[in-house]
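Secondary and tertiary structure notes
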Amino acid sequence: RRRKAAEGAAPPICRLRRRSKKAGAAAAEGGLALPALPAPPKMRGRRKGGFPGFERGVEELRAWLESRGCLPWERSAVKDEKKLAAWVHKVRVAYTDGRLNDSQVERLEKLEGWNWGDAEGTRGSGARAGG
């Protein structure tokens, strides 16, 4: 059922019509374009180089490795272990993206039990570890 537009009512801002059944093939009628959306808050002002929270994280990891002798497991039921494992993953991604400086890389490699996992040999290549 269609409703008739009341006199003086504002027209709809944008109407979409499907051009084809392929995904994403819709166009706005009337030439009205929507402005681009800003980046999500986590991505705004993201600096190339450096890794926020590195010092705190590497100290937590050092203590973990000294007491347990292995890297934390990301599927653990223990909240602290899971959190530290997520930090390890972020560090590996930062390494792959070339966002860790040489002293940070050296500091991690000095830790007994540290390894780069799938990120080994991919520093600065932009190819993310694990897919």
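Residues numbered from 1 in each chain as written. Predicted model: local features only at pLDDT ≥ 70, side-chain atom pairs only at ≥ 80, totals over all residues. Heavy atoms only, no water.

Here we look at the overall build of the protein
Short version of the rule: The way it works is that DSSP assigns letters per residue, a run of H or I at least four long becomes a helix, a run of E at least two long becomes a strand, and they are numbered from the N terminus. Each residue's exposure class comes from its accessible area (1.4 Å probe, protein chains only) as a fraction of the maximum for that residue type: buried when under 20%, exposed when over 50%, partly exposed otherwise. For this analysis, residues touch if any pair of their heavy atoms sits within 4.5 Å. For the accessible areas, the method is Shrake-Rupley and the probe is 1.4 Å, while residue cover comes only from the protein chains on display.
From N to C terminus, the protein includes three helices and two strands. Every one of the 131 residues in the protein was classed for burial, and the buried ones make up 25%. Partitioning the contacts of the protein with sequence separation of at least 6, the portion at a separation of at least 24 is 51%. With the model as given, the accessible surface of the protein reaches about 10600 Å², and the carbon-plus-sulfur share is 52%.

Examining the pattern of salt bridges
Stated formally: Salt bridges are identified by distance alone: a Lys or Arg side-chain nitrogen within 4 Å of an Asp or Glu carboxyl oxygen.
In this structure the tally under the stated criterion is six salt bridges. Here E59 makes a salt bridge to R62, at a shortest N to O gap of 2.9 Å. Placement of both E59 and R62 in helix α1 (residues 54–68) is noted, with a separation of three residues, approximately one turn of the helix. Notably, a salt bridge pairs E59 with R107, separated by 2.5 Å at the nearest N-O pair. Highlighted residues: E59 in helix α1 and R107 in helix α3 (residues 102–109), separated in sequence by 48 residues. Salt bridges sharing common partners tie together E55, E59, R62, E66 and R107.

Things to note about the nonpolar core
Using the following cut-off: Joining through side-chain atoms within 4.5 Å is the link that ties buried Ala, Val, Leu, Ile, Met, Phe, Trp, Tyr and Cys residues into a set, and such a set is a nonpolar core.
Of all hydrophobic cores here, the largest spans 20 residues; its most connected members are L61, W87, V91, L100, L108, W114 and W116. In terms of residue count, the dominant contributor to this core is helix α2 (residues 79–96) (six residues). Not counting chain neighbours up to four residues away, the residues in contact with L61 comprise L71, P72, L84, W87, V88, L108, L111 and W114.

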